[in-house]
Amino acid sequence: MTKTYLMNSLIEKMQSPDQDFRFMGLNDLMSEIKQDPASFIGDEPTETKVLKQVLSLVEDKISEVKNQAVKCLGQLIKIIRETQMELVVDSLINFSVGKDDELRDISGLALKTITSELPLEGKITPRACAKLAPKLLQQVSNTETPPETLIETLSTLSILITRFPAHVSDPSLTPHPLPAIAPLLSHSRPAVRKRAILTLSQYVPVAPPALVNDLLQNHILPFLAPNANLEKQRTTVHLVAAIIRQAPQQLTSVYNDIIPGVVKAVQRDDDELREGCLQALETLLLRSPTEAAPFLSSIVQIGSQFIKYDPNYAGLDDDEDEEMADADDDDDEDADLDEYSDDEDTSYKIRRASTKLLAAVITTRPELLTSLYKEVSPVLISRFGDREKTVRLEVWATYGVLLNQTSMYGGLPQSQENDSAIRKRKRNSEERMDVEETPYTLLRSQVSSLSKALLQQLKSPKTPPPTLQAGFQLLHALLGVLPGCLSNQITPIAAISQSVLLQSPATSTSALHLTCLSFIALYFATHAPGIFSVSLPPLSPVLLKSAGEKHPRVASEAFRVFSALLNATRPVKNGEWAERLYDQAFQRLSTHDTDAEVRGCAEDCIADLWICAPDVIKPKGGKEWQAICRTTGNTGGAVRMVTKVARDVEMSDDWVNCCVEWIMGLLKKSERGGKPEIFIALDTLLKRYSSGVPTDLPPTMVPQIRPYISTTDISLLSHALTIITVLLELSPTATFPEVERELLGDIYQIAHSPLVSGAALDSLLMFFSSLVQADSQIATHVVPNLATSAEKAKKSDANLANVAKCIGQVVQSAQGVAAGTIAVYSKYMKKSSKSKSTTSVVVLSLLIVGELGRFIDMSKQQDTFNSTIEHFAAEEEEIRAAAAFAAGNIAIGNLHQFLPAILRVAESDPHKKLLSLHALKEVVTHCSHGQLEGVAEQLWAPLFQYSEDAEDSTRNVAAACLGKLTTTHPTRYLPQLHSRIHDENPAARATVVSAIRHTLAESSPSYDELLASLIMDFLDLIHDKDLNVRRLALSALNSAARTKPYLIRDHLPTLLPSLYAEMKVNPDLIRTVQMGPWTHKVDDGLDARKTAWETLYTLLDTCLAKLDLSIFLSHLLAAISDPSDEIKVIGHMLLARLSASPTTSIALAQRLDELTPSLESTMRGTAVTKDTVKQDIERAAELRRSTMRAVAALSKIDSAGSAPKFDAFVEESRKNEQWGLEFRELLGH
């Protein structure tokens, strides 16, 4: 069937008198277009006929047909020719100005649909915008256009501006949007004014500055005057708020005129104007906190004033507000208050807007927490009992924000960081007379009034569930910030909790039950038992009732409450509630259809009963273990529970035996996910045998563990080796023969695997140590077998360093074989000069001798040491590196004899200097503290000498050694480093700052105290004129932020401007390099810039409280548009991190539209041409994935409609044919 025939048949359907046929004809046409977008290519007459028929159906009498025609136009607009597109636009515009209301509405919908469906790129888009925009603007400018049409036209313009800002901001466009839309601000219909405000605010970001200035001077500033017309002032304030939300930077030049105008306008006697002013100030704080700073005092005063605004209620005046929350307990009066209502009273909107304004102050100015607790906190507490429920909940939510900010930015409630030692002397010397006012001390002083006011609102039996839930959430947040602060409120808390939990949880109240139980658990965990013990008798029955509820989440949370109670009251000697808890948990465990989460929590409760209430549970006879130690279903919780009990309780050997047997059975059946926990449980159980491991256990267990002695899963290998080691230690006689027969051959192969590192390597070394201690004779066989196994392996499959470590461990555990081992491998090293040994044998020999030299004095084997030095001249890099390793470690065994020899080599032969430094680094790294103190002076001067005028690699090794030496005697060497920070030689300055970076791993408080006074001098090198020194100083700052943030937090205001400056691309550092026929740009500043961004990422983790998020986010915009892909990826990681935090995501939500263009550009990537190579395509794909991860994280932020561009971008990305599927997976859809 040809396309023409098919289209003609569809036209016939659409012309049918039967509405169903017309509808199906349109539906079939849409399906055909989606399947084949080239349906009309080369067939203009058919295209015209189809299009005219669809347009005619826009006027159909049946609503369903008209709506389907509109949808069809949205698909057609993507594929029709430009001339036909003009026909569509003209027809719809004509429809929209007609007198038929229904046709006018449907044409408006059609215009919005085709504008939304226009492709972002393509030939038709510019033409469509050029045709559509003037027509829409002419309609807007026409004074005779009906209000309904104006609203639809403005909506279409909004879509056009949001999706195609470049086309709508064309200077040649006539009429221009701003002059055309601005007069509508004076329209008689409020709905038109509201729509005009939104459209104008969306256009202002891309409008020419001259037109924006005209808007400000003629339509905004005059109407903010104190005597301006009320109606116009309302509209102007709403417009200001909308522009601040969309493009705050456009108002920067006039903020000093706008903000005072809004501040004065809020005092005018008009509720709608007041609410608009308060909302505008809130938006200002969230979008432009820096510009709002000079007016902050006035804004706080306004918020505090109007949060009390209640002209229709004369019950309290300002002086009595403080008593509002602690009112009389008379229930009749409360009932009268609840019944008060006035449908005409809208003052609650003012109070709610004021509350949100104060919340914006708290969110954006965390550095003012102390003053906020003095000025704002008492006002909020006084309004805890507002008569309007929505306002009341908003006040509580705002106080929750204050508590969250306190936990993040308020410092520490008690000294928990290493800087306590540093500051102790300062505190003692100051002899403060008064307690320092901090957010925590001020909050603690207000807890009494806060808790009374809040609990007063919760105690009424008429309090609705959402209010109760919000109250418990606030109490939970309060305990999270100040643990143990509700000691005096246990009676009302217990009474309210009891009344809540007495009711069975329904669908509408289950969330309340969960919040209440979660709070009770936290209360038990943060208060002493003596405080709540009196309330336990009435409270425990309702908690037990909750544990027996059918609702699984409620039951689970109730068991968690009991776990918290058991740990808080440990040891529990007697208690009826503990007995009943056991019965309840046992019943849950005995029932096969128990929910998995409930079962897990019941298992935890049984474990806590064994640990905290042994007197209660031991008489039960252990019947619970039969229900717990099952072999079917999810056994992960049971395994963890057995581990917990075995670790903390003295259990009988029979119990341990049964548990080991059960665990071994699970090892055969369990999936990979549960096996690490099984091995941990097994390790714990084996160590709990009071009379030793049974002799028949190792022969049974070793064969079962053998499958895990493999490099297939390195994590399980580590656990399996640990179990074998424990068996060798606890039962060497029974275990050793099994290990020798079953496992040793496999372990030889594992020892040289390059996959074995970290925890697995540590486990392997412990295994060899235990093996040799179990049978000392085996050492003579293990050493040659390990070496032979490595020699036979392929070069790519052999990690000789691991083999050397294993041999070193064997010899250290059986030093009787040391002399023979040294002799054998020294001989291989000497033979190498006659070319009889392969490279790998020489390397292995050098590594083994080095490992042994670390704990054996080889002063009598001077020839061996000399041989290692000779290998410094070897041709193979591997031999030279192994020789440096060996020389350094041999020197550790006898520093007096060998260290001077290494220093002489470094001084006499420049070609061997780097290798000698590597040898010295081995000495410095592995020497004991006492040994190092004795030779530090001997090494200090030569190391500085070697680092000057040297290559980066040599200088880095020397700096690492100097850093380690500095920590051995900081009072001597730290001042010496400090004295050289202004050295004329940039290499010396680079060495100093690099050495300081290496000292930051030192955890000694005494070192921190010395460094605290000098660290800023070292970090001041980020201003150095030498680029390499600046980069190393940034790296040192990054290390300090990660390891010792308490040393730099107070200095960040000084450091951050310099850090931000390093993040900018410096054109002077970009040079062009000729590579054959191509030119390539090299950015010498990239490494320093990348280090600066990495430092900022670290600061976000460790010093968030000291970062001004507004400035931070302004610089972050540069990261995601940086020329370097690496920095873009760091920017994406920063966005993901910021979006994950509830506090930072609030600030980020206000900047989403600003982030969108850069993210969109990166997502699309550069066009693929014939010169694009595979690596570029792969790199672009990886960068796109990084962008998608960031966008997916950002999309989870609740922007409350304040980021239309970003929302549109997310929606388009979801629908994208190229990457939409992957993006939807990241979103979790």
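Residues numbered from 1 in each chain as written. Predicted model: local features only at pLDDT ≥ 70, side-chain atom pairs only at ≥ 80, totals over all residues. Heavy atoms only, no water.

By the naming in an unreviewed UniProt entry, the chain goes by Armadillo-type protein and is assigned to Suillus placidus. Here is the UniProt Sequence similarities (unreviewed entry) comment for the chain, exactly as written: "Belongs to the CAND family." (UniProt positions renumbered as here; feature names shortened; annotations may be inferred.)

Q: What am I meant to see in the overall build of the chain here?
A: Per the secondary structure count, the chain includes 67 helices and two strands. Here the C-alpha coordinates of the chain stretch approximately 110 × 90 × 80 Å along the principal axes. Considering the chain as a whole, with its 1229 residues, one finds that 52% of them fall into the buried category. Expressed as a percentage of contacts within the chain between residues at least 6 apart in sequence, the contacts between residues at least 24 apart total 74%. A total accessible area of about 54,500 Å² is found for the chain, and carbon and sulfur atoms account for 50% of it. Considering the chain, the positive charge centre built from 124 side chains and the negative charge centre built from 154 side chains are found 5 Å apart. (Helix = DSSP H or I, 4+ residues; strand = E, 2+ residues; numbered from the N terminus. Buried < 20%, exposed > 50% of the residue type's maximum accessible area, 1.4 Å probe, protein only. Contact = heavy atoms within 4.5 Å. Areas by Shrake-Rupley, 256 points an atom, 1.4 Å probe, with all protein chains shown as cover. Lys, Arg positive; Asp, Glu negative; His and termini not counted. Charge placed at Lys NZ, Arg CZ, Asp CG, Glu CD.)

Q: Please clarify how the pattern of salt bridges should be interpreted in this entry.
A: For side chains of opposite charge, pairing can occur when their charged atoms come near one another. By the definition in use, this model includes 59 salt bridges. For Glu102, the salt bridge is made with Lys66, and the minimal N-O distance between the two is 2.6 Å. You can see Glu102 sitting in helix α6 (residues 101-117) and its partner Lys66 sitting in helix α4 (residues 63-76), a full 36 residues away along the chain. On the basis of relative accessible area, Glu102 is assigned to the partly exposed category, the value being 42%. For Lys66, a relative accessible area of 6% gives the class buried. Here Glu272 ties to Arg234 by a salt bridge, and the two come within 3.8 Å at their closest N and O atoms. Pair noted here: Glu272 is in helix α15 (residues 271-287) and Arg234 is in helix α13 (residues 230-246), with a separation of 38 residues, a long-range link. By sharing partners, the salt bridges in this structure join Arg193, Glu231, Arg234, Asp270 and Glu272 into a single network. (Salt bridge = Lys/Arg side-chain N within 4 Å of Asp/Glu carboxyl O.)

Q: Would you mind showing me how to read the side chain of Arg989 here?
A: Mapping Arg989 onto the fold places it in helix α54 (residues 986-999). Judged by its relative accessible area of 6%, Arg989 falls in the buried class. The residues touching Arg989, leaving out its near neighbours within four places in the chain, are Arg980, Ile981, His982, Asp983, Glu984, Leu1021, Asp1024, Lys1025, Asp1026 and Val1029.

Q: Hey, could you run me through the pairing of strand β1 (residues 1070-1075) in this one?
A: The sheet contact formed by β1 and strand β2 (residues 1078-1083) spans six bridges and is antiparallel. Across the sheet, Gln1074 pairs through a bridge with Thr1079, a residue of β2. Connecting β1 to the next strand, β2, in antiparallel fashion are two residues, including Gly1076 with a positive phi near 65 degrees. (Pairing = 2+ DSSP bridges.)

Q: Please explain the packing of aromatic side chains as it appears in this structure.
A: Ring pairs (aromatic) are described by centroid distance and by the angle formed between their planes. The tally for this structure, following the rule as stated, stands at 16 aromatic pairs. Pairwise contacts between aromatic rings join Phe384, Trp396 and Tyr399 into one cluster. Looking at Arg980, its charged tip hangs above the ring of Phe944, at a distance of 4.1 Å from the centre. (Phe/Tyr/Trp six-rings, centres within 6.5 Å; stacked < 30°, edge-to-face > 60°. Lys NZ or Arg CZ within 6 Å of the ring centre and 35° of its normal.)

Q: What am I meant to see in helix α57 (residues 1027-1043) here?
A: Three- or four-residue spacings in an α-helix give side chains the same orientation, since the helix completes a turn every 3.6 residues. Between its first and last C-alpha atoms α57 spans 24 Å; for 17 residues at 1.5 Å apiece the expected length is 24 Å, and the two agree. Buried residues dominate α57, accounting for 13 of its 17 residues. Capping the start of α57 is the job of one residue whose side-chain oxygen sits 3.1 Å from the backbone nitrogen of Asn1028: Asp1026. (Expected span 1.5 Å × (residues − 1). Polar contact = N/O pair within 3.5 Å; in protein donor to acceptor, adjacent residues only side chain to side chain.)

Q: Would you mind showing me how to read the packing of helix α3 (residues 44-57) against α4 here?
A: The angle between the axes and the distance between the axes are what describe a pair of packed helices. Direction vectors running N to C along α3 and α4 enclose 145 degrees, while the axes themselves pass 8 Å from each other. In this structure, the crossing between α3 and α4 has a hand that is left-handed. Where α3 approaches α4, its residues Leu51, Val54, Leu55 and Leu57 are matched on the opposing element by Val65, Lys66, Ala69, Cys72, Leu73 and Leu76. When the residues that make up the contact of α3 with α4 are grouped by side-chain class, the tally is nine nonpolar, no polar and one charged. (Axes fitted to C-alpha atoms, helices over the stretch in contact; angles between N-to-C directions. Left-handed = near helix turned anticlockwise from the far one by under 90°. Nonpolar A, V, L, I, M, F, W, Y, C, P; charged D, E, K, R; others polar.)

Q: Would you mind showing me how to read helix α55 (residues 1005-1012) here?
A: Within α55, burial applies to Tyr1007, Asp1008 and Leu1011. When α55 is viewed along its axis, its buried side chains cluster within an angular range of 100 degrees and face the same direction. (Arc of directions from axis to C-beta.)

Q: How should I be thinking about the environment of Leu92 in this particular structure?
A: Here Leu92 lies in helix α5 (residues 82-96). A C-alpha to C-alpha distance of 43 Å links Leu92 and Leu1113, two positions 1021 residues apart in sequence. In this view, Leu92 contacts Leu55, Leu73, Ser107, Ala110, Leu111 and Ile114; residues no more than four positions away in its chain are not counted.

Q: Honestly, the confidence of the model for the chain in this entry has me stumped. Any pointers?
A: Fine structural detail should not be taken from predicted coordinates in areas where pLDDT scores are low. Put simply, the chain has an average pLDDT of 87, and 93% of its residues get 70 or more. Confidence drops under pLDDT 50 across residues 316-341; counting only partners more than four residues distant or on other chains, this segment forms 32 contacts. Across residues 414-434, where pLDDT falls below 50, the model places 18 contacts with residues more than four positions away in sequence or in other chains. (pLDDT = per-residue confidence, 0-100.)

Q: Honestly, the side chain of Thr1095 in this entry has me stumped. Any pointers?
A: Turning to its location among the elements, Thr1095 is positioned in helix α60 (residues 1086-1102). A relative accessible area of 0% places Thr1095 in the buried class. What Thr1095 contacts, discounting residues up to four positions off in sequence, is Leu1034, Leu1037, Asn1038 and Leu1059.

Q: For this particular structure, what's the right way to read unusual backbone geometry?
A: Along the chain, Thr174 connects to Pro175 via a cis peptide bond; the corresponding omega equals -10 degrees. The residue after Arg570, namely Pro571, is reached through a cis peptide bond having omega -5 degrees. Examined against the element boundaries, Pro571 turns out to sit in the loop between α30 (552-568) and α31 (576-590).

Q: What am I meant to see in the state of the cysteines here?
A: Here a disulfide denotes a covalent bond joining the sulfur atom of one cysteine to the sulfur atom of another. Applying the stated rule across the entire model yields zero disulfides. Residue Cys961 stays outside any disulfide, its sulfur separated by 11 Å from that of Cys927, the closest cysteine. (Disulfide = S-S within 2.5 Å.)

Q: Got a minute to help me understand the environment of Arg706 in this structure?
A: Tracing the sequence through the fold places Arg706 in the loop between α38 (697-705) and α39 (714-730). The spatial distance from the C-alpha of Arg706 to the C-alpha of Lys573 is 45 Å, given a sequence separation of 133 residues. When sequence neighbours within four positions are dropped, the list of residues in contact with Arg706 reads Glu742, Leu743 and Asp746. For Arg706, the side chain forms a polar contact with the side chain of Asp746, separated by 3.3 Å.

Q: Can you walk me through the packing of helix α48 (residues 877-893) against helix α50 (residues 913-926) in this structure?
A: Look at α48 against α50: their axes get within 8 Å of each other, and the N-to-C directions meet at 40 degrees. With respect to α50, the element α48 is oriented oblique. Viewed along their axes, α48 and α50 form a crossing whose handedness is right-handed. Contacts between α48 and α50 involve Arg880, Ala881, Ala884, Phe885, Ala887, Gly888, Asn889, Ala891 and Ile892 from the first element and Leu915, His918, Ala919, Glu922, Val923 and His926 from the second. Broken down by class, the residue content of the contact of α48 with α50 amounts to nine nonpolar, four polar and two charged. (Parallel < 35°, antiparallel > 145°, perpendicular 65-115°, else oblique.)

Q: Is there a simple way to explain the environment of Asp952 in this structure?
A: Mapping Asp952 onto the fold places it in helix α52 (residues 952-968). Looking at Asp952, the relative accessible area reads 40%, which means it is partly exposed. Sequence spacing of Asp952 and Ala987 is 35 residues, and the spatial spacing of their C-alpha atoms is 8.8 Å.

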